[in-house]
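Each chain, letter by letter, is given below.
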Amino acid sequence: MRLVALLVLLASAAVSGCASITGSDVQGMRVSTLEKSGEEIAGARCKLTNDKGAWTLDSPGEVQVRRSNNAITVSCEKAPLPAGHASVPSITRDAMFGNL
């Protein structure tokens, strides 16, 4: 069995870029950990990091992260399973261009 971190973003399709005058600088993220078979693994300890900070949660769970123009990385662990890792690229929101 291999632990795989799957991310579902609550506020948008991906981690949005820098904060806009019309938006918030935080993003809600929900993390679920799944086996290759798709079965959920509860209780994995997950750490999310980007250049704006680091956040931890137990899966399945939700956390508020600070938006960044850089990808957010997710690492989850639950013994005796191997660790799972994921990276979510940043996507700049259309509203940001209104600030230019």
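Further up the page is the structure itself.
Residues numbered from 1 in each chain as written. Predicted model: local features only at pLDDT ≥ 70, side-chain atom pairs only at ≥ 80, totals over all residues. Heavy atoms only, no water.

A.B. asks: Account for the overall build of the chain, naming residues and giving values.
C.D. replies: Helix and strand counts for the chain stand at 0 helices and 9 strands. For the chain, the α and β elements follow one another from N to C terminus as β-β-β-β-β-β-β-β-β. For the chain, the residues scored as buried account for 38% of the 100 residues in total. Contacts in the chain between residues far apart in sequence, at least 24 positions, make up 57% of those at least 6 positions apart. Here the chain has roughly 5,600 Å² of accessible surface; of this, 53% comes from carbon and sulfur atoms. (Helix = DSSP H or I, 4+ residues; strand = E, 2+ residues; numbered from the N terminus. Buried < 20%, exposed > 50% of the residue type's maximum accessible area, 1.4 Å probe, protein only. Contact = heavy atoms within 4.5 Å. Areas by Shrake-Rupley, 256 points an atom, 1.4 Å probe, with all protein chains shown as cover.)

A.B. asks: Can you tell me about the side chain of S59, naming the residues and giving the values?
C.D. replies: Counting through the fold element by element, S59 comes out in the loop between β5 (53–58) and β6 (61–66). Reaching out from S59, the side chain makes a polar contact with the backbone oxygen of I41 at a distance of 3.4 Å. Apart from the residues lying within four places of it in its own chain, the contact partners of S59 are V31, T33, I41, A42, G43, A44 and C46. (Polar contact = N/O pair within 3.5 Å; in protein donor to acceptor, adjacent residues only side chain to side chain.)

A.B. asks: So what's going on with the pattern of salt bridges? Residues and values would help.
C.D. replies: Oppositely charged side chains can pair when the atoms bearing their charge come close. For the structure shown, the criterion picks out 2 salt bridges. Among the salt bridges present, the one from R66 reaches D25, with a minimum N-O distance of 3.6 Å. With R66 in strand β6 and D25 in the loop between β2 (15–16) and β3 (26–34), the pair connects residues that are 41 residues apart, well separated along the chain. Among the residues examined, R66 registers a relative accessible area of 37% and is labelled partly exposed. The partly exposed category is assigned to D25, whose relative accessible area is 35%. A salt bridge links D58 to R45; the nearest nitrogen and oxygen atoms lie 3.0 Å apart. Separated by 13 residues along the polypeptide, D58 in strand β5 and R45 in strand β4 (residues 45–50) bring together distant segments of the chain. A residue is classified by how much of its surface remains accessible, and D58, at 42% relative accessible area, is partly exposed. (Salt bridge = Lys/Arg side-chain N within 4 Å of Asp/Glu carboxyl O.)

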